[in-house]
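The lines below spell out each chain.
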Amino acid sequence: MDQLHNQILLLLSIPIYAILIPLEILLSNFHQWKFYSWKETAMNIYLNLTNAGIDLVLRGLALGVLVFFSQYHLNITWHPVAYWAFLFLCEDLLFWLEHYVDHSCRLFWAVHVTHHSSEEYNLTTGFRSSVFMPFYRYMYFIPLALLGFQPMDILFMYALTQTYGIIVHTQSVGRLPRWIEYILVTPSHHRVHHASNIPYLDKNMGMVLIIWDRIFGTFTEEMPDEQPKYGLTTPIDTPHHPWHIIFHEWQAIGKDITQPIPFKTKLGYLFQPPGWSHDGSRMTSKELQAIWYKERERRKTEQALRDKKRQAKKTPAAMERA
């Protein structure tokens, strides 16, 4: 079975490496879209290889933990189709939860931030891994083991959904048919997720299904008048430094928690959302969005008043001509 899993993943991943990425590079150069640069692509590969090395070392631990908990699984008799369908749904939901926590708790954001740090957005951005995620990712899969799913199947399904998660990292594909956009995570949805525009922050967390974001209120569509700007709200000073790209947020946390502040406040800099500050000197994404939407409503109101005045001026002139 493990050999079959590997063969399936190989068949799905080869087109990405051998066809889709080279094709996007060719299109980008032909149309002068400038989606790729050598430095950013090399950094994406470096982060992916670093993550893969840690993942390989910890794979036995992750499998061992899942095997341990699977001893206490519920006695559920699964039909083969229901087994794989329910495993997919549960795993995708748990990924949404993991991703939500990564964006909502600064301690985990310090791990995940590397994936969002590139100011470019292309298929290789999907390989820009959160390097230290293998240390804790498998903990989210424990409920699956308790439900009776086999540990190897759990890891296989995660790898399978990750393959889908890579191909949505593209600017080459526009909006898809409405029914697809309503159910699946699409390139348009994931462009929003990677954008640093205020209304797009911490939105569209799903891996394969966008329905979780619609259900839990983290969904936002790509707006025609709000072109995505990729990267972080505060760019990294040395974005291609192999050490700094991984540890820059940890260094920032270190500066915050070494301030002369109470211990409880120090914990806030670890467990509150990114952007939280004890003195209000910075703002979280929700605080920024509240201001952004309030300002947008103000502009809409002002525009409506201007349109109303303009219409009122036109009306008497039209009556005179009549």
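Heads up: the structure comes first, above all this text.
One structure accompanies this document, and this report is about it. Quantities reported herein were computed from a predicted structural model and do not represent experimental measurements.

## Things to note about the overall build of the protein
Point 1. Scanning the protein from terminus to terminus reveals 12 helices and 0 strands.
Point 2. What you see in the protein, going N to C, is helices and strands ordered as α-α-α-α-α-α-α-α-α-α-α-α.
Point 3. If one aligns the C-alpha atoms of the protein with their principal axes, the spans along those axes are about 85 × 55 × 45 Å.
Point 4. Buried positions account for 44% of the 322 residues belonging to the protein.
Point 5. Sequence-distant contacts, at least 24 apart, represent 71% of the contacts inside the protein between residues at least 6 apart.

## Digging into the packing of aromatic side chains
Point 1. Applying the stated criterion across every chain yields a total of 20 aromatic pairs.
Point 2. A centroid spacing of 6.0 Å and a plane angle of 50° characterise the contact between Phe132 and Phe135, whose relative ring orientation is tilted.
Point 3. Residue class for Phe132 comes out partly exposed when judged on its relative accessible area of 22%.
Point 4. One aromatic cluster is present, formed by Trp78, Tyr83, Trp84, Phe86, Phe149 and Phe156 through successive ring pairs.
Point 5. Here the basic side chain of Arg214 rests over the ring of Phe219, its NZ or CZ set 4.0 Å away from the ring centre.

## Some thoughts on the pattern of salt bridges
Point 1. Taken as a whole and judged by the stated rule, the model has 13 salt bridges.
Point 2. A salt bridge links Arg128 to Glu40; the nearest nitrogen and oxygen atoms lie 3.6 Å apart. Here Arg128, found in the loop between helix H4 (106–116) and helix H5 (142–146), pairs with Glu40, found in helix H2 (residues 38–70); they are 88 residues apart in sequence, far enough to count as distant. Exposure class is identical for Arg128 and Glu40. Each is buried.
Point 3. By sharing partners, the salt bridges in this structure join Arg106, Glu249, Asp256 and Arg282 into a single network.

## Quick word on helix H3 (residues 80–104)
Point 1. For H3, which comprises 25 residues, the first-to-last C-alpha distance of 36 Å matches the rise-based estimate of 36 Å (1.5 Å per residue) to within 8%.
Point 2. Inspection of H3 places Tyr83, Leu87, Cys90, Glu91, Asp92, Leu94, Phe95, Trp96, Glu98, His99, Asp102 and His103 among the buried residues, and these make up the whole buried set.
Point 3. Residues of H3 that are buried sit in contact with H4, H5, helix H6 (151–167), helix H8 (187–194) and helix H9 (211–216).

## Description of the packing of H4 against helix H10 (residues 244–257)
Point 1. At a minimum axis distance of 7 Å, the contact between H4 and H10 shows a crossing angle of 155°. Relative to H10, the element H4 is oriented roughly antiparallel. Helix-helix and strand crossings are classified by hand; for H4 and H10 the assignment is right-handed. Every residue of H10 that contacts H4 at Arg106, Leu107, Trp109, Ala110, Val111, Val113 and Thr114 is listed here: Ile245, Ile246, His248, Glu249, Trp250, Ala252, Ile253 and Asp256.

## Let's talk about the side chain of His112
Point 1. Considering the arrangement of structural elements, one finds His112 in helix H4.
Point 2. At a separation of 3.2 Å, a polar atom in the side chain of His112 contacts the side chain of His116.
Point 3. Those residues in contact with His112 that lie beyond four places of it in its chain are His99, Asp102, His103, Ser130, Met133 and His193.

## Details of the environment of Asp279
Point 1. Following the sequence through the fold, Asp279 ends up in the loop between helix H11 (263–271) and helix H12 (285–321).
Point 2. Separated by 236 residues in sequence, Asp279 and Met43 have C-alpha atoms that sit 35 Å apart.

What counts as what
- Residues numbered from 1 in each chain as written.
- Predicted model: local features only at pLDDT ≥ 70, side-chain atom pairs only at ≥ 80, totals over all residues.
- Heavy atoms only, no water.
- Helix = DSSP H or I, 4+ residues; strand = E, 2+ residues; numbered from the N terminus.
- Buried < 20%, exposed > 50% of the residue type's maximum accessible area, 1.4 Å probe, protein only.
- Contact = heavy atoms within 4.5 Å.
- Phe/Tyr/Trp six-rings, centres within 6.5 Å; stacked < 30°, edge-to-face > 60°.
- Lys NZ or Arg CZ within 6 Å of the ring centre and 35° of its normal.
- Salt bridge = Lys/Arg side-chain N within 4 Å of Asp/Glu carboxyl O.
- Expected span 1.5 Å × (residues − 1).
- Axes fitted to C-alpha atoms, helices over the stretch in contact; angles between N-to-C directions.
- Parallel < 35°, antiparallel > 145°, perpendicular 65-115°, else oblique.
- Left-handed = near helix turned anticlockwise from the far one by under 90°.
- Polar contact = N/O pair within 3.5 Å; in protein donor to acceptor, adjacent residues only side chain to side chain.

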